[in-house]
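Chain by chain, the residues:
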Amino acid sequence: MTALRDIRKQFLGFFETNDHRIEKSSPLVPDNDPTLLFTNAGMVQFKNLFTGAETPKFPRAVTSQKCVRAGGKHSDLDNVGYTARHHTFFEMLGNFSFGDYFKDDAIKYAWDLLTKDFGLSKDKLLITVYHTDDEARAIWKKVAGVSDSQIISIATSDNFWAMGDTGPCGPCSEIFYDHGDKIPGGPPGSPDEDGDRFIEIWNLVFMQYEKFSGGKQTELPKPSIDTGMGLERVAAILQGVHNNYDIDLFKNLIAASVEESNVKAQGEAMFSHRVIADHLRAASFLIADGVSPSKEGRGYVLRRIMRRAMRHAHILGTPEPLMHRLVPALVTEMGDAFGELKRAQENIETTMLEEEERFRKTLGRGTALLDSATANLKDGDTLSGNVAFKLYDTYGFPLDLTQDALRSKGIDVDVDGYEAAMKIQKDTARAHWSGSGDAGADALWLGLREQFGPTEFTGYERLTGESQILAIIKEGQLVSEAGPDEAVQLLTKSTPFYAESGGQAGDKGSAVFEDGQAVITDVKKFVGDLHVHMVTLARGHIKQGGNVRLHVDPSNRRTTMSNHSATHLVHEALRRVLGTHVTQKGQMVDGERIRFDFSHGKGVTAEELSQIETQVNQVILDNSEATTKLMAPDAAIEAGRWHCSAKNTAMKFAFSLLAMCQTEKIILIRSNYAGGHM
Ligand code: GLY
């Protein structure tokens, strides 16, 4: 049996031998495309090479790209567990030509690899072509020597591939594998095509066009090639199994799930183990790429994936949280090919555990409500939207989790009713928001929040990112553009800029756009989760709807992080020297200094001050490793003790207490460190 990791190697090696450069998978959060929720195909990182916006440094490339198809275009979330071949996370093997070879060579490479190197019988393969693409049909006949009946013309979008609503696209030709007549399903284009007998394994896209918003479509500068083959699907064929969940990688993950849950993978439980194994991969890779579970945007898709898996852990009857205990098995399977998994292991485990603990608080009561609300419903009935909304709002059940729970009973959910209940809640919240006191400004920010949702923060992992300009605000008014020397506020779809919160100053940095540049002097949070950049234009014009590249000033971020670390050291030293009654009352941290407010019934003596200073400096001089960890406030407080602080310092300089107000119990500290955490 060829192991999945060897198939990956064989694919990359085949194309390397044919002059392709092996490139690393790009992150799941695309940093070159604000229109895309997640990287959903191998071509995403090369988008600008196809459109001509960037000049390729090499004409051919090959990758094994991590992809997530959940939420947004190409979402497979609803299918996971119900078919043999769908995943929320999968690896896409792909070869790419940037204006170099086109259809002839793409078809020849694919056919040679499948039939010679992988040794598949050509009788098991079926080809589809776009109905107008006579050229591709002729090449297939010549190169593969297959009969006309093995080449099926398809007139639908299935054979016209597009990355998203905009971007490069073109007709495509797909290769299907026939798993034999014991499996139900018909060939592509037939009424039974959704069955599992004929499985698409490789899509060859003949990139010829670029789509723009509004429907305009233009020719690409040079026709190019983008292909995508599902690694798990081809592994199933080469390992002689029909179901992707029976390949080596999934068998090992399911074995870990069986061991940790103590429930055999049989009957209904098999389905739960499969969902758990699939969602473990998607959730872990998303967390490794900087996404954290939240109420909106990418974070909400992650939460939906995690909670769906956690409900299945609950169905298996595991008394304790399960998902975090499966992460080591995943790291064993995939950590060698994707080092980020190893590096983020601790953060993945903590995030999983915290989310599962949080969800378990309401999961049981939510399940009881769902059971009682559906006790009298039968196949074909509909659950009321109000109950689905209550499950979401009170018990943290995402809508698709409720739908998933009812699917096997054939019960639908009244989605319109659910949305109507959601709208009533939003309108009520809006009416009750006390606001900042400036009604005009509040209405503006609330309106933007409602129109665009929260800002996606990408800055834990990266200090740069490309995004779309959603709004430009000048002196409290929306404007469509701004020019040199103007000071404006900028709202973008996503940002790597930390916004002032929890007593930590916002990031500083710069913005580069189509024909200009700007300085970002500060970033603040408005209406809870909009990161708003305070910007002064240096040159050029910035336009609403345009793209912008955002760069955080790394040295300011570093010193701010160091200073943030210092607050934990000070807090612990205060508790050790003055007593454990000392609690933090507030803080202000920026790149240059910290202010730490604390409670203590009397003044601090000079001797105590000197002891505090010595203790903190001692830890600093240990110069231990710095790590970044995302924590819930309670966990952060708990962790803010010596052991954590010591781990989080990598600092070169001692600090000194500059001033202390005896009556207000405030100390002011200037620090000068070389590392730290946020
Ligand atoms: N970009 C090719 C595919 O996703 O199928």
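Just above sits the structure.
Residues numbered from 1 in each chain as written. Predicted model: local features only at pLDDT ≥ 70, side-chain atom pairs only at ≥ 80, totals over all residues. Heavy atoms only, no water.

## Details of the environment of phenylalanine 15
Applied cut-off: For the purposes of this entry, the term helix denotes a DSSP run of H or I that reaches at least four residues, the term strand denotes a run of E that reaches at least two, and both are numbered from the N terminus. Between buried and exposed lies partly exposed: a residue is buried under 20% and exposed over 50% of the maximum accessible area for its type, with that area taken using a 1.4 Å probe on protein chains only. Contacts are assigned to residue pairs that have any heavy atoms within 4.5 Å of one another.
Along the chain, phenylalanine 15 falls in helix α1 (residues 4-17). Looking at phenylalanine 15, the relative accessible area reads 0%, which means it is buried. In this structure, phenylalanine 15 is in contact with His20, Val62, Asn95, Tyr109, Leu113 and Trp202, ignoring residues within four places of it in sequence.

## Some thoughts on the site of the ligand
The line we're drawing: Proximity criterion: a residue is near a molecule or strand once any of its heavy atoms comes within 4 Å of it. Within 3.5 Å is the distance limit for a polar contact, defined as a pair of N or O atoms, with the added protein rule that one can donate a hydrogen and the other accept it, and that residues adjacent in sequence qualify only through two side-chain atoms. Residue-level accessible areas treat just the shown protein chains as cover; the underlying method is Shrake-Rupley with a 1.4 Å probe. Throughout, the ten residues Ala, Val, Leu, Ile, Met, Phe, Trp, Tyr, Cys and Pro are labelled nonpolar, Asp, Glu, Lys and Arg are labelled charged, and all others, Gly among them, are labelled polar.
Close to the ligand lie Ala41, Arg69, Met92, Trp161, Asn203, Val205 and Asp226, which account for all nearby residues. In this structure, tryptophan 161 approaches the ligand through a side-chain N or O atom, which is 3.3 Å from an oxygen atom. Asparagine 203 is positioned such that a nitrogen or oxygen atom in its side chain is 2.9 Å from an oxygen atom of the ligand. Calculation on the ligand without its partners gives an accessible area of 200 Å², and the protein chains cover 96% of this total. For the shell around the ligand, the residue count by class is four nonpolar, one polar and two charged.

## Quick notes on the side chain of aspartate 404
Residue placement: aspartate 404 occurs in helix α13 (residues 399-407). Look at aspartate 404 and you get buried, because its relative accessible area is 6%. Beyond its immediate chain neighbours, meaning those up to four positions away, aspartate 404 contacts Tyr82, Arg308, Arg311 and His312.

## Overview of the nonpolar core
To keep things clear, this is the line we draw: Nonpolar cores are built from buried Ala, Val, Leu, Ile, Met, Phe, Trp, Tyr and Cys residues. Side-chain atoms within 4.5 Å join them into one set.
Trp140 and Trp202 are the most contacted members of the largest nonpolar core, which totals 106 residues. Counting residues per element, this core draws most heavily on helix α7 (residues 267-288), which supplies 10 residues. When sequence neighbours within four positions are dropped, the list of residues in contact with tryptophan 140 reads Ile107, Trp111, Ile127, Val129, Gly145, Val146, Ile151, Ser173, Ile175 and Leu204. If you look at the next biggest cluster of nonpolar residues, it comprises 20 residues, including Met43, Phe90, Trp161 and Met207.

## Notes on the packing of α1 against helix α5 (residues 231-238)
Helix-helix packing is described using two parameters, namely the angle between the two axes and the distance between the axes. Worth spelling out the cut-off: Axes here refer to lines fitted to C-alpha atoms; in helices the fit is confined to the stretch in contact. Angles between the N-to-C directions go from 0 to 180 degrees. Throughout this description, any angle smaller than 35 degrees is read as roughly parallel, any larger than 145 degrees as roughly antiparallel, any in the 65 to 115 degree range as roughly perpendicular, and the remainder as oblique. Here a crossing is called left-handed whenever its near helix is offset anticlockwise from the far helix by less than a right angle, and right-handed whenever the offset is clockwise.
Two elements in contact, α1 and α5, have axes separated by 10 Å at closest approach and are oriented at 110 degrees. One element, α1, and the other, α5, form an angle in the roughly perpendicular class. Once α1 is placed against α5, the crossing between them reads as right-handed. The residues of α5 that touch α1, namely those facing Leu4, Ile7 and Arg8, are Leu231, Val234, Ala235 and Leu238. Grouping the constituent residues of the contact of α1 with α5 by class yields six nonpolar, no polar and one charged.

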